[in-house]
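# Architecture at a glance
Letter by letter, the chains look like this.
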Amino acid sequence: MNFRSFVVLICISLSYLTFAQKVAIQSTKSQVSYDNALDLAKSRAEIIGYEVTHTKIGNLGKTDKRLYWFMAVGYNGGVCVMSIPETSLKVDYSKCVVNLYEVGALAESFWAIPEYFNAEEYRKQMAEQERVAEEQRKIKEKNLSIIDNLLEEKNIDSADVMFNKFFLENQQSDVLERKSTILSAFKTMASDKEKRGDDALSKDNFDEAIKLYQESMDIGIHFSDETLNNRLDKKILSAKVNPLVTAADLAFNTKEFSKSLKIYEKIYLIDKTNLHTSKMITELKDILFYLKSRDSKIFPYNETNNKDYDAFIKDINNDLNNRIDLLDKGELDGYFSIKYDTLGENKSIVKLLKNTIVDYDSYLSSMLNNPSLIKPPVRGGFYIAAECKTALNVTWYSYQTKVKVNHDGVYDSPKVEYFLRNQPIKLGKYEFEFKKKNVGNKNYEDVYLVNYKCAGPASFLYSTVMPGLGKYKVTYGEKGKGTMIWFLTSAATYFGAKYISNNQYTKYRNATSQEEIDLYYKKANRNNQISLTAAGISATLYVYDLAWVFKRGLKNKSDSKGYRESIKNQPIKVRSQPIIFKTQ
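Just so we're clear, the structure is a prediction, and the values are computed from it rather than from any experiment.

Across its full length, the protein chain holds 17 helices and 14 strands. Across the 584 residues that make up the protein chain, the buried fraction comes to 36%. Contacts in the protein chain between residues far apart in sequence, at least 24 positions, make up 61% of those at least 6 positions apart. Surface summary for the protein chain: the accessible area is close to 34900 Å², and the carbon and sulfur share equals 53%.

In this section: the pairing of strand S11 (residues 386–405). Pairing of strand S6 (residues 299–300) with S11, which is carried by 2 bridges, proceeds in the parallel orientation. The residue bridging Pro300 from the neighbouring strand is Glu387, located in S11. Where strand S7 (residues 330–340) meets S11, 11 bridges bridge the pair, whose relative direction is antiparallel. In the sheet register, Asp333 faces S11, and the bridge partner there is Asn393.

With 27 residues, the main nonpolar core has Phe312, Leu320, Ile338, Tyr360 and Val394 as its most contacted residues. Elements with a minimum of two residues in this core: helix H11 (306–326), S7, helix H12 (360–368) and S11. The greatest single-element share of this core, amounting to 6 residues, is contributed by H11. Discounting chain neighbours no more than four positions away, the residues touching Phe312 are Phe336, Ile338, Met367, Leu368, Leu373 and Ile374. In this structure, Ile147, Leu150, Ala159 and Ala239 belong to the second largest nonpolar core, which totals 26 residues.

By the element assignment, Tyr494 lies in helix H16 (residues 481–510). Of the residues examined, Tyr494 reaches a relative accessible area of 25% and is grouped as partly exposed. Sequence separation between Tyr494 and Ala535 is 41 residues; the distance between their C-alpha atoms is 5.6 Å.

Attention shifts here to the pattern of salt bridges. Counted by the stated rule, this structure contains 21 salt bridges. Here Glu194 and Lys235 are joined by a salt bridge, their closest N and O atoms 2.8 Å apart. Linking Glu194 in helix H5 (residues 173–202) with Lys235 in helix H7 (residues 226–253), this pair joins segments that are 41 residues apart in sequence. For the residue pair Glu194 and Lys235, the accessibility class agrees, reading buried in each case. Asp286 is paired through a salt bridge with Arg379; the nearest N and O atoms lie 2.5 Å apart. Of this pair, Asp286 sits in helix H9 (residues 275–292) while Arg379 sits in strand S9 (residues 378–379), placing them 93 residues apart in sequence. Look at Arg379 and you get buried, because its relative accessible area is 11%. Linked through salt bridges whose partners overlap, the residues forming this network are Glu194, Asp198, Arg231 and Lys235.

Our next topic: a positive patch on the surface. On the surface, Lys402, Lys404, Lys429, Lys453, Lys473 and Lys557 cluster together into a patch of positive charge. Of note, Lys404 is situated in strand S11. Overall, the relative accessible area of 47% leaves Lys404 in the partly exposed class.

The next point concerns H11. Spanning 21 residues, H11 covers 31 Å between terminal C-alpha atoms, matching the ideal 30 Å at 1.5 Å per step. Among all positions of H11, only Asp308, Tyr309, Phe312, Ile313, Ile316, Asn317, Asp319, Leu320, Asn321 and Ile324 are buried. The inward-facing, buried residues of H11 abut helix H10 (301–304), S7, H12, S11 and strand S12 (428–439).

A complete count under the given rule lists 17 aromatic pairs for this structure. The interplanar angle of 80 degrees and the centroid separation of 6.0 Å between the aromatic rings of Phe419 and Phe432 together place this pair among those described as edge-to-face. With Phe419 in helix H13 (residues 417–421) and Phe432 in strand S12, the pair connects residues that are 13 residues apart, well separated along the chain. One exposure class covers both Phe419 and Phe432, and it is buried. Between Tyr505 and Tyr508, the aromatic rings sit 5.6 Å apart at their centres with planes inclined by 35 degrees, giving tilted as the arrangement. Of the two residues, Tyr505 and Tyr508 are both situated in helix H16; the distance of 3 residues between them amounts to about one turn of the helix.

Reading guide: rules and limits
- Residues numbered from 1 in each chain as written.
- Predicted model: local features only at pLDDT ≥ 70, side-chain atom pairs only at ≥ 80, totals over all residues.
- Heavy atoms only, no water.
- Helix = DSSP H or I, 4+ residues; strand = E, 2+ residues; numbered from the N terminus.
- Buried < 20%, exposed > 50% of the residue type's maximum accessible area, 1.4 Å probe, protein only.
- Contact = heavy atoms within 4.5 Å.
- Areas by Shrake-Rupley, 256 points an atom, 1.4 Å probe, with all protein chains shown as cover.
- Pairing = 2+ DSSP bridges.
- Core = buried A, V, L, I, M, F, W, Y, C linked by side-chain atoms within 4.5 Å.
- Salt bridge = Lys/Arg side-chain N within 4 Å of Asp/Glu carboxyl O.
- Patch = residues over 30% accessible without salt bridge, like charges linked within 9 Å, V, L, I, M, F, W, Y side chains within 5 Å.
- Lys, Arg positive; Asp, Glu negative; His and termini not counted.
- Charge placed at Lys NZ, Arg CZ, Asp CG, Glu CD.
- Expected span 1.5 Å × (residues − 1).
- Phe/Tyr/Trp six-rings, centres within 6.5 Å; stacked < 30°, edge-to-face > 60°.

Structure follows, in structure tokens:
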């Protein structure tokens, strides 16, 4: 008993004693009952290996016409308290119980006193229990020894049966150790079976491989390995399918297509995830379909050799679009036909009624007779007859149009408006080439930007005619109107003032009185000064505008130099709609 437990025990005992002292103990009958209970508790405590540390706590009074006596039995730092209800001169021990308290709190019922308890009889019972426990221990050791011998003899199944018979619910460490050894042995056996199955499968011993894989799965039941089961399921499936695939491929190679198809369909029922099987079933059905009508039917080449045909048509379309791009106008009318017979001979022809492309018929003929492009249709090693005809009926022509973009962002053509809004240089004069193409009843159109012009220094010539007009030109309408107004105003002022001045001067010369002479002279002189001032303003505007326009024109040229040169070297494709020919 440690110090803390001892202190708790003393405190609990003192509490009971203090309470008990407040109750008078007068009944001899009760005292006898207590003494009997005390002797019984001592006997019981000695039997179970505990010591009575407090022999008497006291009388706690009556409750429901019963008198309760308590005593304490100390063990491992806890307290056992036995309550004895008094019902008669003779104590009814069957109603007496000893309860387990730990640090003063009720934990569980510890032991009950049977009616008319006999200590000697109880000792015999305890001895019998020890005897039975010893016998069970010997049986356990014997069975564990048997299991160990079975494991040494590699008799794992018997060891597992023995374990499950005697120790399935036993969780003792030495028993669990045996179970771990059994499971490890099963895993080793399963792994060995699987490896032997792999060896058999590599040697095409399919039945032996299946047998070994199944045995490995049966062993795996003992340790429930889902990964092992999935792996072995796939290997068993492979062992079942491989010989059938070999037989199906052999029938295919010997051109027994119906037989090969039946075997592959059987494989498909076993394994629907086999990609090779699905592919071969599709191919065999295709072969049988074509061979059934081989001698009486000509099939569409674009269906029998769809990949070859698509690649060939793609090359023809690309070449023809490139040729049309180089020619302003032209016409092509005719057809070509890809044709093969059952001997695999190429019977393809070209027929052009109208053609403005030089040597185009020769080009088509060479393409049709190129074996790397046009291949004979074959099914199951047999040539089949196939043909497809492709019409060539296209006309095209080109025209150019100019689009001017000013400062207000007004575009002359909605077809190129979006394109112009996204150019690095927004203002100026653009020249576009439109190429209209017609194939059958379908129209196509290509649009290219072929030239760009900006207002350069030569625009100053417009200002020689009217100051401000050149500025309006080089700024694309942003500036120049004010200059024109100022120049016209100053010029009008000059001419008006000059006219008035000359008129007043004439009157001055014809005047007869001094008063008139002075008046007309003054007016003529004032208007002459106005005309001179207006003339100076006009001349200044004229010279300044010429210089400003010339300088701004040089800047426009410099800013657009790279853009103009790139267009000149390579026209910009605004929109492209390549023509497409298809089989009829």
